[in-house]
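# Structure at a glance
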Amino acid sequence: MILDLERFVREERPYWDELEERLGRLSKNIEYRMDLLESQRFYYLYRRTASDLARIQTFAAEPALRSYLEGLSVRAYAEIHETRELPHRVQPLVWLLHTFPACFRRQIVAFAVTVITTLAGCALGGGAVYFDSTAKYDLLPFGHGEMSPSQRVQEEEQERGEHLEGQKTRFASMLMTHNIKVSVFTMALGIGWGFGTLVLLFYNGVILGGIAVDYIRAGESVFLAGWLLPHGSVEIPAILIAGQAGLVLGAAVIGWGSSAGLRERLRAVGADVMTLILGVMVLLVWAGIVEAFFSQYHEPVVPYALKIAFGSLQLFVLFAYLLKSGIRRAVKEDRGHG
Amino acid sequence: MADGRGNVLSIRTDEGIVFELPLAGPMTRFLALGIDLCVTLAFNTILSAVLKLGMAVSPDVFEGLLMLLTVVFHFGYGMLMEWFFRGQTLGKRLLGIRVVDVQGLRLAFSQVLIRNLFRVVDILPGFYLVGGVAMLLNGRYQRLGDLAANTIVVRERSAFQPDLDQVLPGKYNSFREYPHLEARLRQRISPEQAATMLQALLRREELDLEARSELYAEMANHLREIVPFPEEVSAGLSDEQYLRNALESLMRRRGVQE
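Parameters at a glance
- Residues numbered from 1 in each chain as written.
- Chains lettered and ligands numbered in written order.
- Predicted model: local features only at pLDDT ≥ 70, side-chain atom pairs only at ≥ 80, totals over all residues.
- Heavy atoms only, no water.
- Helix = DSSP H or I, 4+ residues; strand = E, 2+ residues; numbered from the N terminus.
- Buried < 20%, exposed > 50% of the residue type's maximum accessible area, 1.4 Å probe, protein only.
- Contact = heavy atoms within 4.5 Å.
- Areas by Shrake-Rupley, 256 points an atom, 1.4 Å probe, with all protein chains shown as cover.
- Salt bridge = Lys/Arg side-chain N within 4 Å of Asp/Glu carboxyl O.
- Core = buried A, V, L, I, M, F, W, Y, C linked by side-chain atoms within 4.5 Å.
- Phe/Tyr/Trp six-rings, centres within 6.5 Å; stacked < 30°, edge-to-face > 60°.

## A few points about the overall build of chain B
For chain B, the helix and strand inventory stands at 13 helices and 5 strands. Taken across its 258 residues, chain B has 50% of its residues classed as buried. Within chain B, contacts between residues at least 6 apart in sequence are counted, and of these 64% link residues at least 24 apart. For chain B, the accessible surface area stands at approximately 12,900 Å², while carbon and sulfur atoms represent 62% of it.

## What about the pattern of salt bridges?
Summed over the entire model, instances satisfying the criterion amount to 20 salt bridges over all chains. Across the pair A:D214 and A:K136 runs a salt bridge whose closest N-O atoms are separated by 3.4 Å. Within this pair, whereas A:D214 is found in helix α9 (residues 195–217), its partner A:K136 is found in helix α6 (residues 135–139), the two being separated by 78 residues in sequence. The exposure class assigned to A:K136 is buried, which follows from its relative accessible area of 8%. Salt bridges sharing common partners tie together B:R29, B:E82, B:K92, B:R115 and B:D146.

## Quick word on the nonpolar core
Among the nonpolar cores identified, the biggest contains 57 residues, and A:V184, A:M187, A:I241, A:V273, A:I277, B:L117 and B:F118 are the most heavily contacted of them. Tallying contributions element by element places helix α10 (residues 221–254) of chain A first for this core, with 12 residues. Counting residues in hydrophobic clusters, the runner-up holds 31 residues, among them A:V9, A:L69, B:I17 and B:V100.

## Quick look at the packing of aromatic side chains
Residues and elements named next belong to chain B. Under the counting rule described, the total for this entry stands at 18 aromatic pairs over all chains. Seen from their ring centres, F175 and F229 are 3.9 Å apart, and the 10° between their planes marks the pair as stacked. One end of the pair, F175, is in the loop between α8 (164–167) and α9 (179–188); the other, F229, is in the loop between α11 (209–226) and α12 (231–234), and 54 residues separate them in sequence. For F229, a relative accessible area of 7% translates into the label buried.

None of this, on its own, says anything about what the molecule does.
Okay, structure coming up:
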């Protein structure tokens, strides 16, 4: 029990001031790290302030003092109990070459599920159009049902990409923003136990499979590959990675085989979900540029062989990057931790 | 350990200390969102006016840029504000609310990013219906973005320091002659009771004469029962003056920095 409040405040105030000063130092410089002695002192100050708060809570009608100590203790509590890595200066190159691909590999099972789901959708969409050609009128968007693939090819080749003259940047912006919104939506739907993400991926697969079979049956597979591969080789994996982020989120909500609570599970995957969706955004910006400035040009302006080679090479480089980039650094870090 | 029942999030630390964070309700949050939408709209108007100048040179490039920057600002505004201003956008700051980690820990950037990106779902099918329903079904008023990011929105505790000059304007407080009784008063009156008494005095002019007399009498009698001051200082004091003296004794500044 505190008998003399004024004396209590007089004696304790230097400790509160010191704690406040150390907290200020930590919040001003996000890269500041305390050494062992500093950490011990910080912990001591926190315990002392928390104990003062407990004493003041039990008896004194001092709302301002209580509020002050509560605020101080909350800030110190956050520093003491935070176990996640502290924020550090943004290093875009390290993030691009190491963090993002490492995160992709860490969650590769979720990516495999997105691929399987999309392929299942492709099989259904492709099968539907193959066995019933009228199905494309119900299944396919973007006016694909309104003209035959051959008519579309003829039209595209005659236009020679001129229909986009003077509006390519706008088109690229539209593609980027639309695709990023769809990807974020795909990721966010993962909060519903991953079900919404799977439905969206399956639906995308249905459309993709339907269009592919429609063009292949019409003998326009070369045009299709030349049209889709340059941007699709990045755009489709990007959507799948967004789905991967959604499934990581969904798996955390379901919590199979985990004894941790929902909040702890979501906290554990937060950084990975963020990394994946940021990676998706980077990929979709590139895909938007390629689609607006390259994919819309067909033969005779750009030979299909060149477009197919570009798309195939891009796909190869993308997966080589995702599967291999930063492995050495990860091994070094593991050894360091070991 | 965090417990979010009763419009308050209570965090109990390992040391046994309990912090209470009052949760921000859906209406306050909706108003803050409205203010932020106005900021976004104002930014878009200015941006569009600026970029229109460039459209004379290249309409394609500047229209594309406008489209891109509008979306970037729509998502980026909330993220950057909440990250750099410790959980506050302009709207939240004006309404005195703040995004915090659900366990009272430091807000991580991934949390800020996820809760803002989730707006694409929370906003569905319009006017944040999904988010609003999720908030009402959730004891902590969390929309889906908050659930995914492990965040809550709390009302900021006011750093209001009572203006005691208003309570006891330039008068001598006879209770000060008995510091041990003042100390006992501080022990036996809770901060909530003291705050209620302060409000009763500060809102003096808003109360009817009869209601005010009744309220002050009840409060003064309560104080007299808890810690009786000697006749020589309490005799002749009206209920209101008794209340003012007691409150001044309770809340006199102890030299704590704001």
